[in-house]
Amino acid sequence: MKIVTVVGARPQFIKAAVVSRQLRKHTNEILVHTGQHYDYNMSDIFFEQLNIPHPDYNLGISRGTHGQMTGRMIEAIEDVLLNEKPDKVLVYGDTNSTLAAALAAVKLHIPVNHVEAGNRLNNLDNPEEVNRICTDHVSNKLFACTKSAMDFLDREGLSDKAFLVGDPMYDAFSFYSKIAPGIEGIGLVDLEGKKTSVPVCYYYMTCHRQENTDTDEKLDSILSAMESLDAPTIYPVHPRNGQRAKYICEKNNYHNIILTKPVGYLESIALVSHAKKIITDSGGLQREAFFAGKQCVTVFDNVIWPETMVGNRNQLAKPDKEDIIEKLIKKQILDSDYLPFGDGHSAERICSEIIK
Ligand code: UD1
Ligand code: UDP
């Protein structure tokens, strides 16, 4: 069986790392990188650290508006599919690369299998929500990470093609945590390229969603909350808002925030595991905080991973200093028997369904 897998963004490389390892035991996998993420520390570092096979195609498509990026990708992916004639196309998550691959494949009548199907915010202003809904509705197998995702698929009449498999991000976290460095082995690099070390006690933040970072006002409110905390915050900044974060920190003379370049996956899960608490707007980081038993505050309007929102383990906050601090000081209640993301073997389940 020949599978074309399409990836393009950081969270997809992580999921593909664990699924691809299984898939290649049974199929001929052709890996396509759209090029959506292209900096060394947003792309190549994941292939190196996670031993992901070198892409067979790199389409070199990034930047532009959502429509421009998605349109250019559809055209280029169609060429690859016409050339490779795969039996199936495999896509992950909710980026523009996901949607482009799903549309290119379905138009050529090639079955699409979607990993991380069924998550919903009920908010079409969010670009990833549009990608998720469209991809789910044109796919012929839907791999849901959680029960709540299965419920959404059921409500949209998609349960016949949905499979509850667990979360490949949990597989990755369980597998790679064993080889992640200790914090003393992590070399952070600041935005000027200078090395800086990890403090003993710190908060870990990632924040890159267009909803939080496309204007100074919201990002400044979030950063002012971090500035007021009882320990420094390590904030590896996504390239989309690195300059804006630097400008806000300099303008306000913030000293309690360590702005760094994006780190590799092994460093990121190590930083999660040793942090005091996590502040994020990333779907991946919310789950990693949960896997590590670290309390998380998610700066966003909608819940995307309902299973994490128990016992104050993950709470929504507005991009507002007081609200973020109020949520950060609440105590979390942990229940070690509560394991809603599967058993760390979702990749095996995904592969056995793909090859059926
Ligand atoms: C995308 C995904 C989002 C995911 C995020 C981070 C969509 C709609 N969104 O958003 O779900 O959470 O990736 O993983 O696809 N840039 C660089 N270097 C890079 C990558 C990006 O400089 O390696 C800059 C470019 O100027 C680009 C901007 O960041 O225009 C935004 O990148 P883009 O891929 O459009 O969206 P993300 O915010 O990364
Ligand atoms: N991550 C990383 N380096 C960083 C920031 C995040 O490796 O500098 C990892 C993080 O641990 C998680 C994943 O990237 O595994 C989340 O991806 P992202 O936040 O880009 O996308 P999302 O999960 O929101 O779709």
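Given the structure is predicted, the values throughout are model-derived calculations rather than measurements.

Q: Is there a simple way to think about the environment of Cys351 in this case?
A: Mapped onto the elements, Cys351 comes out in helix α14 (residues 346-354). According to the relative accessible area criterion, Cys351 is buried, its value standing at 3%. Apart from the residues lying within four places of it in its own chain, the contact partners of Cys351 are Val19, Gln22 and Leu23.

Q: Looking at this structure, how should I read the sheet that holds strand β4 (residues 88-92)?
A: Pairing is parallel across the open sheet formed by seven strands, whose spatial order is β3-β2-β1-β4-β5-β6-β7. Of all the strands in the sheet, the pair left with one neighbour each is β3 (57-58) and β7 (162-164). Relative to strand β6 (residues 141-144), strand β5 (residues 112-117) is paired through four bridges, and the arrangement is parallel. Looking at β6, one finds that His114 is bridged to Leu142. Helix α3 (residues 66-84) rests against β1 (2-7), β2 (28-33), β3 and β4 of the sheet, and its axis sits at about 165° to β1.

Q: What's the story with the site of ligand 1 in this structure? I'm lost.
A: Around ligand 1 sit 19 residues in total, of which Gln36, His37, Glu128, His238 and Arg240 are the nearest. Within the contact set of ligand 1, an oxygen atom lies 2.9 Å away from a side-chain nitrogen or oxygen of His208. A distance of 3.4 Å separates an oxygen atom of ligand 1 from a polar atom in the side chain of Arg209. Notes on ligand 1: free accessible area 750 Å², of which the protein chains cover 86%. Put simply, the parts of the chain that give the shell around ligand 1 at least two residues each are α3 and α5 (127-138). Taken together, the residues of the shell around ligand 1 break down into five nonpolar, eight polar and six charged.

Rules used in this analysis
- Residues numbered from 1 in each chain as written.
- Chains lettered and ligands numbered in written order.
- Predicted model: local features only at pLDDT ≥ 70, side-chain atom pairs only at ≥ 80, totals over all residues.
- Heavy atoms only, no water.
- Helix = DSSP H or I, 4+ residues; strand = E, 2+ residues; numbered from the N terminus.
- Buried < 20%, exposed > 50% of the residue type's maximum accessible area, 1.4 Å probe, protein only.
- Contact = heavy atoms within 4.5 Å.
- Pairing = 2+ DSSP bridges.
- Axes fitted to C-alpha atoms, helices over the stretch in contact; angles between N-to-C directions.
- Near = heavy atom within 4 Å.
- Polar contact = N/O pair within 3.5 Å; in protein donor to acceptor, adjacent residues only side chain to side chain.
- Areas by Shrake-Rupley, 256 points an atom, 1.4 Å probe, with all protein chains shown as cover.
- Nonpolar A, V, L, I, M, F, W, Y, C, P; charged D, E, K, R; others polar.

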